[in-house]
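Residues per chain are reported as follows:
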Amino acid sequence: MFERPELLAPVGSWEALVAAVENGADAVYLGGKLFSARQYANNFSDEEMKKALDYAHFRGVRVFVTVNTLMADRELEQCLEYLRFLYEAGVDAVIVQDLGLVRLGRKLLPGLELHASTQMTVHNLEGVRLLEDLGFNRVVLSREVTLENMRYIRENCRAELEVFVHGALCVSYSGQCLMSSLIGGRSGNRGRCAQPCRLKYNLVGEKGENLSGEDVGMHLLSPRDLNLVEHLPQLIEAGVKSFKVEGRMKRPEYVATVIRIYREALNRYFLARDYAVTAEDLKNLTQVFNRDFTTGYLYGNEGRNLMSFKRPNNRGLRLGRIEKFNPKTKEAEISLDDDLQVGDGLEVWVTQGGRQGVVVNSMAVQGRRVEGARAGERVAIQIPGKMRPGDRVFKTLDAGLMNRARSTFINVKEGRRVPVRAEVKVSLGQPLLITMTDEDGNKGEGRTGFLAEAARKRPLTEETVRGQVDRLGNTPFTLQEFSCTIEGELMVPVSEINEARRQAVEQLEEQRLSKYRPQPVDRNSWQQSWRQLEAESAEKVANQGPILTVVVSDLASVEAAAQKGAQVVYFGGESFRSKELIKPELVNKALTICRQYGAELVLSTPRILQDDELKAYLPWLTQVAEMPVGGLLIGNLGLLELARKKFNLALYGDYSINIFNRQSALALRKMGINRWTLSPELTLEQVGLMARLGGGEAIVHGSLTMMVSEYCAPGAILGRREREQACGKPCHKGRFGLKDRMNFVFPVETDQYCHMHVFNPKELCLIDELPVLADQGLAALRLELKRSDARYVSRVVKAYRQELDMIKKKGPRYQVPAGIREELEALSPAGFTKGHYYRGV
């Protein structure tokens, strides 16, 4: 018998909470007003949070709170106070991303259950094992993990696994997207993603030619919505603990509908094992919101079938086509493929002018006004705009479905209740005693202040007592069993019985809730521990000045970087298809070159390595790690866990690990990382604060990776890749970019595992700020040149080496000549940016 999984619902408002609980959620996840990855949801104040916890816990529903953004140093104390509030209020777990917050939480609140957010980009077994060691009870896997790999991870780890089963998909690996951040300053890592992936793009070639084709559409980075309701048995049998529905920004009607359908589906599986999802359920899931549906990566890469190329928002349900349109009266006649009623919302995909939406206020069939029409009928309705016969019509809102959903969370009379057994005893001269017991054995007692007297007219009856005890309408309880012992003919006032019932209910409620509330944290020891941890992060380590490091991805660039003065060359990670495949013999040649010029070669590693990819990568890494390399630049948490166990090499952390505060850096240091690359979302001031710890490396120049995706636009569009159809490998024949509405072209590279890397067209350049950066105590300054050719690498490394040498000679007051930046900028067609060093996120 397989374990019954948890159905986990998204909650962005009080109505959504009621909708989730009343429609069968086992648990909900929600956010507070701060530190949540959905800052634009309504979210919950502290008082609302307490109320939400009581409401859910009364009904046996667990509550997880999202604290899943990266934290600045100045925010950590406030965030810890918030964690303490959540812990004492009785939350069942917090969902976190920030490694520094994890470190502090484990030390200050060891009883608080931690769940690893999907923002931590955990996508392989070794990553899960590392988080187990850090104290995580549960890991939310990356959406890109396949069913086969889920099963493999589950069979070899202790932590619970949580996976998304329904809702919106990110095109990038969560936690690895800087697109919204770098384009508009709204960071996904800080809960403010503006979803630029849902905008229009053209796939272009090296000369800027449009390669998308007219039949594809322009929303090249906009995935369909995930829908796994027909595949729940496979997930159950793979050992997944929690089925998560996405949608904290969605309306409560969406939550009610989706949770109800998934609850009923799970119940059918465990009741009969004759699993089937009804056509009506599939239709309702489509109606309530869809961008077309996909099974995501559950069974492998869907390629072009993963994407909603032609529109990035709700498609609704196809209703029919315009048969006739009167441009003067604006009356359209539609042949219905589905039922329609007054109050439904429609959208017409017009031939000219995009989309036209309308709410149906009235309609007619054969000239007769009607409230509803059936599939197969032809209706006439008013639609503003310019329609043409043949235009497609979609129903984007079904009034009946919405009303059914609302009935579960507005003015709920018979909602989700806790069954109780009530026992009443009364005898002459004694108070009437009511004992209520719930299904978990919790008890509440109430007794009358009035002592029972002999009845003169109407003696107390079991029916009368039951009628008063059963008045539980304003409570979360329902009377399931009742027993009553009345010794003799007695009288007790009804008001007294009601008061005893109220006492019993109140006591039972308190006992039910008490198990969720831990002992308050001792404030003195808390403050003492926090001051100690804060002092540890404030210790200053002296550096002799930053070394210059360079990331490259071809042999000629290794030589250019080493020859022009790079002290460390990172090489060997992603092999881009536009360059030569990095084989072990190439690394050996790179070592020889670096030794010749007095530079150190450090192996860089991929950001993304699913378990099957990791198995293929490990023999390569093992062979190369036996060479006299200077260490490993770690790209993901799974590789960190593996490298600690397997290799006796110096370890360095890449910026894909998202180091945003000093506590995160200390967490990495405890895990064996000698030097860590700081998040490119930090300001210059924040970098200076981080630099005091002594191991910080800051990126000062280059084209930053904006996203890493399992989906590949060139492969899907030009290579025609689908799950059952191999890619035509266009990446072997040219280089590509994604052109946005502002005519910026985002360079695209595909690595050896067919992951797509999208780069910022504007290159980061901080050569003007070198004197300030060099004086801050950083361990290293990095040039991110993995896309660049040897000529560009040579020019850039030479310029930075020259200016660093001048700063060392003349001191921090030295000013970089203006001509240096201008000379470099001439090599970058899209121009330069200073990133977040002066604006932050």
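These remarks concern the structure in this document. (Residues numbered from 1 in each chain as written. Predicted model: local features only at pLDDT ≥ 70, side-chain atom pairs only at ≥ 80, totals over all residues. Heavy atoms only, no water.)

## Some words on the overall build of the chain
This is how the line gets drawn: Working definition: helices are DSSP H or I runs of at least four residues, strands are E runs of at least two. Numbering for both runs from the N terminus. Residue burial is assigned from relative accessible area. The probe radius is 1.4 Å, only protein chains are included, and a residue is buried under 20% of its type maximum, exposed over 50%, and partly exposed in between. Per-residue accessibility takes into account occlusion by the displayed protein chains alone, with areas from the Shrake-Rupley method and a 1.4 Å probe. Neither His nor the chain ends contribute to the count of charged residues, in which Lys and Arg are positive and Asp and Glu negative. Charge positions are represented by NZ for Lys, CZ for Arg, CG for Asp and CD for Glu.
Each helix and strand counted, the chain has 24 helices and 41 strands in total. When the backbone C-alpha atoms are referred to their principal axes, the chain occupies close to 110 × 75 × 50 Å. Put simply, the chain has 841 residues, and 61% of those count as buried. Per element, the accessible surface of the chain, about 34100 Å² overall, is 45% carbon and sulfur. One way to put it: in the chain the 115 positive side-chain charges average out to a point 4 Å from where the 106 negative ones average out.

## Here we look at a positive patch on the surface
Which entries qualify depends on this criterion: Grouping into patches uses exposed residues only, defined as over 30% relative accessible area, and leaves out salt-bridged ones; the cut-off is 9 Å for like charges and 5 Å for nonpolar side chains (Val, Leu, Ile, Met, Phe, Trp, Tyr). By salt bridge we mean one thing: a side-chain nitrogen of Lys or Arg within 4 Å of a carboxyl oxygen of Asp or Glu.
Taken together, the side chains of K200, K310, R321, R355 and R392 present a region of like positive charge at the surface. Along the chain, R321 turns up in strand β12 (residues 317–326).

## Digging into the sheet that holds strand β36 (residues 736–739)
Applied cut-off: We treat two strands as partners when DSSP finds at least two bridges between them. Helix axes use the C-alpha atoms of the stretch in contact, all axes being lines fitted to C-alpha atoms, and the angles between their N-to-C directions lie in the range 0 to 180 degrees.
With respect to topology, five strands assemble into an open sheet ordered β8-β36-β37-β38-β35, the strand pairing being antiparallel. Pairing within the sheet leaves two strands with one partner each, and these edge strands are β8 (202–204) and β35 (705–709). Between one strand and the next, the sheet's axes are offset by a mean angle of 30°, whatever the strand orientation. Sheet topology note: the β35/strand β38 (residues 756–759) ladder contains four bridges and is antiparallel. Following the sheet pairing, S709 is matched in β38 by M756.

## As for the nonpolar core
Quick note on the threshold: Take the buried residues of types Ala, Val, Leu, Ile, Met, Phe, Trp, Tyr and Cys, join any two whose side-chain atoms come within 4.5 Å, and each joined set is a nonpolar core. In this analysis, two residues are considered to be in contact whenever any of their non-hydrogen atoms come within 4.5 Å of each other.
Ranked by internal contacts, the top residues of the largest apolar core, which has 224 residues, are V67, L235 and Y711. Among the elements that line this core, the one with the most residues is helix α9 (residues 252–272), at eleven residues. With near-sequence residues (within four places) excluded, L235 lies in contact with L147, M150, V163, V165, L228, V240, F243 and L298. Counting 25 residues, the second largest nonpolar core, distinct from the first, contains V424, V426, F450 and L508.

## Regarding the side chain of H115
With respect to the helices and strands, H115 occurs in strand β5 (residues 114–116). Sequence-distant contacts of H115, defined by excluding residues within four places in its chain, comprise F64, A93, V94, I95, V96, F136, R138 and E162.

## A look at the side chain of R248
Heads up, the condition is: Whenever a nitrogen or oxygen atom comes within 3.5 Å of another N or O atom, the pair is scored as a polar contact, on the condition that within protein one atom can donate a hydrogen and the other can accept it, and that pairs from neighbouring residues in sequence are kept only if both atoms are in side chains.
Tracing the backbone through its elements, the reader meets R248 in the loop between β10 (242–245) and α9. At 7.9 Å, E246 is the nearest oppositely charged side chain to R248, a buried residue that forms no salt bridge. In this structure the side chain of R248 is engaged in a polar contact, spanning 3.3 Å, whose partner is the side chain of T66.

## Some points on the sheet that holds strand β16 (residues 355–359)
Here eight strands make up an open sheet; going across it, the order is β16-β15-β21-β12-β13-β20-β17-β18 and the pairing antiparallel. In this open sheet, the two edge strands, each paired with only one partner strand, are β16 and β18 (368–370). Across the sheet, the axes of successive neighbouring strands diverge by a mean angle of 35°, strand direction being ignored.

## A look at helix α2 (residues 46–58)
Along an α-helix, a turn takes 3.6 residues, which lines up residues three or four apart on a common side. How we decide: Expected span, for any helix, means 1.5 Å times one less than how many residues it has.
End to end, α2 covers 18 Å across 13 residues, agreeing with the expected 18 Å (1.5 Å per residue, within 8%). Looking one or two residues beyond α2, the residue adopting positive phi is G60, at roughly 75°.

## Concerning the pairing of strand β21 (residues 392–397)
By the bridge criterion, four bridges tie β12 to β21 in an arrangement that is antiparallel. Note that in β21 the partner of G320 across the bridge is V393.

## A few points about the packing of helix α3 (residues 76–89) against helix α4 (residues 99–108)
For clarity, the cut-off: Working definition: roughly parallel below 35 degrees, roughly antiparallel above 145 degrees, roughly perpendicular at 65 to 115 degrees, and oblique for all remaining angles. Left-handed describes a crossing whose near helix is turned anticlockwise from the far helix by less than a right angle; the clockwise case is right-handed. Residue polarity is assigned by list, with Asp, Glu, Lys and Arg as charged and Ala, Val, Leu, Ile, Met, Phe, Trp, Tyr, Cys and Pro as nonpolar; anything else, Gly included, falls into the polar class.
One way to put it is that α3 packs onto α4 with a least axis distance of 11 Å and a crossing angle of 45°. Regarding the angle of α3 to α4, the classification is oblique. Both α3 and α4 take part in a crossing whose hand is right-handed. Along the contact surface, α3 presents L76, C79, L80 and L83, while α4 presents L101, L104, G105 and L108. A per-class count over the contact of α3 with α4 returns seven nonpolar, one polar and no charged.

## Some words on helix α18 (residues 637–646)
In terms of burial, α18 is largely enclosed, as seven of its ten residues are buried. Turning to α18, its buried residues are L637, G638, L639, L640, E641, L642 and A643.

## Examining the environment of E749
Within the fold, E749 resides in strand β37 (residues 745–750). Looking at E749, the relative accessible area reads 2%, which means it is buried. When the C-alpha positions of E749 and F759 are compared, they lie 8.1 Å apart, and in sequence the two are ten residues distant. Sequence-distant contacts of E749, that is, excluding residues within four places in its chain, are made with F576, S578, R735, H755, M756, H757, F759 and R787. Of note is the side chain of E749, whose polar atom sits 3.4 Å from the side chain of R787.

## Digging into the packing of aromatic side chains
Quick note on the threshold: We call Phe, Tyr and Trp rings a pair once their centres come within 6.5 Å, taking the six-membered ring for Trp, and we label the pair stacked below 30 degrees between planes, edge-to-face above 60, and tilted otherwise. Any Lys NZ or Arg CZ found within 6 Å of a ring centre and within 35 degrees of that ring's normal is scored as a charge over the ring.
Tallied over the entire structure, the rule returns ten aromatic pairs. The interplanar angle of 25° and the centroid separation of 6.1 Å between the aromatic rings of Y82 and F85 together place this pair among those described as stacked. Here Y82 and its partner F85 are both found in helix α3, three residues apart, which amounts to about one turn of the helix. The residues Y82 and F85 share a single accessibility class, namely buried. When the ring of Y617 is compared with that of W620, the centres are 5.5 Å apart and the planes differ by 20°; the resulting orientation is stacked. With Y617 and W620 both in helix α17 (residues 611–625) and three residues apart, the pair spans about one turn of that helix. For the pair shown, Y617 and W620 are each scored as buried. An aromatic cluster of at least three residues, connected via ring pairs, comprises F35, Y82 and F85. Lying across the ring of W14, K51 places its NZ or CZ 4.5 Å from the centre.

## As for the pairing of strand β22 (residues 418–427)
The buried count for β22 comes to seven of ten residues, which makes it a mostly enclosed element. Where β22 meets strand β26 (residues 477–487), ten bridges bridge the pair, whose relative direction is parallel. The residue bridging K425 from the neighbouring strand is T485, located in β26. When β22 meets strand β23 (residues 431–438), the two strands line up antiparallel, connected through six bridges. Within the sheet, the bridge partner assigned to A422 lies in β23 and is M436. In this structure, the hairpin formed by β22 and β23 is closed by a connection of three residues, where G429 is found at a positive phi of approximately 80°.

## What to know about the pattern of salt bridges
If the charged atoms of two oppositely charged side chains come close together, the side chains can form a pair. Applying the stated criterion across every chain, the model contains 59 salt bridges. Linking E81 and R84 is a salt bridge whose minimum nitrogen-to-oxygen distance equals 2.6 Å. Residue E81 and its partner R84 are located together in helix α3, separated by three residues, close to a single helical turn. On the accessibility criterion, R84 (9% relative accessible area) is buried. The closest approach of N and O atoms between E347 and R311, which form a salt bridge, is 2.4 Å. Here R311 lies in the loop between β11 (293–294) and β12 and E347 lies in strand β15 (residues 345–349), a separation of 36 residues in the sequence.

## Describing the environment of Y254
Within the element layout of this structure, Y254 appears in helix α9. Classification of Y254 by relative accessible area gives buried; the value is 2%. Between the C-alpha atom of Y254 and that of R406, which follows or precedes it by 152 residues, the distance is 9.7 Å. The contact partners of Y254, leaving out residues within four places of it in the chain, are H166, G167, E246, V288 and F289.

## Details of unusual backbone geometry
Unlike most non-glycine residues, D292 shows phi in positive territory, near 75°. Here D292 shows up in the loop between α10 (279–288) and β11. Classification of D292 as partly exposed rests on a relative accessible area of 27%. At N658, a position not held by glycine, the phi torsion is positive, near 60°. Examined against the element boundaries, N658 turns out to sit in the loop between β32 (651–653) and α19 (662–670).

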